Amino acid sequence: MTNIPRHKTRQVRVGHALIGGGAPVLVQSMTNTDTADAGRTAAQVFELARAGSEIVRVTVNTAEAAAQVPRIRERLDAMGCDVPLVGDFHFNGHKLLAEYPDCARALAKYRINPGNVGRGAKRDEQFATLIEMACRYDKPVRIGVNWGSLDQELLARLMDENARTAEPVDSDTVTRQALVVSEAGMGTKGIVASTAALGVLLQEGIGDTIRISLTPEPGGDRTREVMVAQELLQTMGLRSFSPMVIACPGCGRTTSTTFQELAEKIQRYLREQMLQWRERYPGVEDMHVAVMGCVVNGPGESKHANIGISLPGSGERPVAPVYVDGIKTVTLKGERIAEEFQQLVEEYVRATYGEGGRLRRDEPQKKRNIPIKTAV
Ligand code: SF4
């Protein structure tokens, strides 16, 4: 784990989750379903929580959505999922919370944007109602947005578009719209933008909970943002969620895609196993597995991992040496290298982190200085 000093913050309880005050940096996410559709929303919240989201936010924008929030909570409870739900409110939040007390109770936190609480003279009154509801139901409120991620080009474009409309809104409103849009992004742009911005803040010890705002492909997997958030925290040494697969980036020494396929397969396998391993094998989330592309540089890197394999590069003998805790234990060959290596990983996990492996696990861990190349 890293020794980045964290900023001192006051601890807030959101359902059973603790934010700040020295608690681990929490991963959160947000649904993109219509909250009025309780079935689909509960299913997506469940998937996000299963992927590792420790808090999930849902939009509460209409009376129908507010009415369904308690139903969503009930469905989740029935599935054994206790992830805290956060309600995201804009403009009519004061009204919805006052008129739907079951919704106000079922949510673990209210999220508001001060710019979207109300306009003119009504703003303070509506804001006061929101705070009154939060006090009545003893719920924390998240206020505000992150101005640091504002895309200036996007802001200029939105300002121009706004100026051309029949009824332009004020510049503050446009800036807030730009902020919301530039928080997110598709594919690698979204990942790079979010991790670059959050990485800097986390390195400064700022941030008690993070969300990676990714715009999913149509029909894409919403849980990707949870995985990216976990990988960011794990790469920075702030938390451990699942074993890390270290794969070399590949070069002219290996022209086949075998090692990339194996690295991906192992990563997927480890993630799937973590649903059971988390309870059964404590500490397994700190494991490092190396999958290298040739036997020239591969063994050196493999030795630093808990378990590592070097696949044969171009023109090399079709053999794959395996290192366990820095020692070469076996050389795999033939068509079933991937399956056999997966089996070795499974045996290593059982022997090291399982009941019988307690003594080994409790030994002081060998300090591993692993140069991270490509974490797939
Ligand atoms: S381990 Fe081998 S294949 Fe992979 S990048 Fe290094 S030299 Fe290239």
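Parameters and conventions
Residues numbered from 1 in each chain as written. Predicted model: local features only at pLDDT ≥ 70, side-chain atom pairs only at ≥ 80, totals over all residues. Heavy atoms only, no water. Core = buried A, V, L, I, M, F, W, Y, C linked by side-chain atoms within 4.5 Å. Buried < 20%, exposed > 50% of the residue type's maximum accessible area, 1.4 Å probe, protein only. Contact = heavy atoms within 4.5 Å. Helix = DSSP H or I, 4+ residues; strand = E, 2+ residues; numbered from the N terminus. Expected span 1.5 Å × (residues − 1). Arc of directions from axis to C-beta. Axes fitted to C-alpha atoms, helices over the stretch in contact; angles between N-to-C directions. Left-handed = near helix turned anticlockwise from the far one by under 90°.

K.L.:
Looking at this structure, how should I read the nonpolar core?
P.N.:
Ranked by internal contacts, the top residues of the largest apolar core, which has 47 residues, are Val 60, Phe 89, Leu 107, Tyr 110, Leu 202, Ile 210 and Leu 233. The contacts of Ile 210, once residues within four sequence positions are left out, are Val 25, Leu 26, Val 27, Gln 28, Leu 198, Leu 202, Ala 229, Leu 232 and Leu 233. Grouped together as the second largest cluster of nonpolar side chains are 32 residues, Cys 248, Ala 305, Ile 309 and Ala 320 included.

K.L.:
Quick question: what am I supposed to make of helix H8 (residues 187-203) here?
P.N.:
Residues spaced three or four apart along an α-helix face the same direction, because each turn holds 3.6 residues. Taking 1.5 Å of rise per residue, the 17 residues of H8 would be expected to cover 24 Å, and the 24 Å separating its terminal C-alpha atoms lies within 8% of that figure. Restricting attention to buried positions, one finds in H8 the residues Gly 187, Gly 190, Ile 191, Ser 194, Leu 198, Gly 199 and Leu 202. Burial along H8 is one-sided: seen end-on, the buried residues are contained in an arc of 135°. Projecting away from the buried face of H8 at angles above 90 degrees are the exposed residues Thr 188, Lys 189, Val 192 and Val 200. Those residues of H8 that are buried are in contact with strand E8 (209-210) and helix H9 (224-235). Downstream of H8 by one or two residues, Gly 205 has phi in the positive range, about 80°.

K.L.:
I'm lost on the packing of H8 against H9 in this one. Help?
P.N.:
The N-to-C vectors of H8 and H9 enclose an angle of 35°; their axes lie 11 Å apart at closest approach. For the pair H8 and H9, the sense of crossing is right-handed. Here Gly 187, Ile 191, Thr 195, Leu 198, Gly 199 and Leu 202 of H8 lie close against H9, whose contacting residues are Arg 224, Val 228, Leu 232 and Leu 233.

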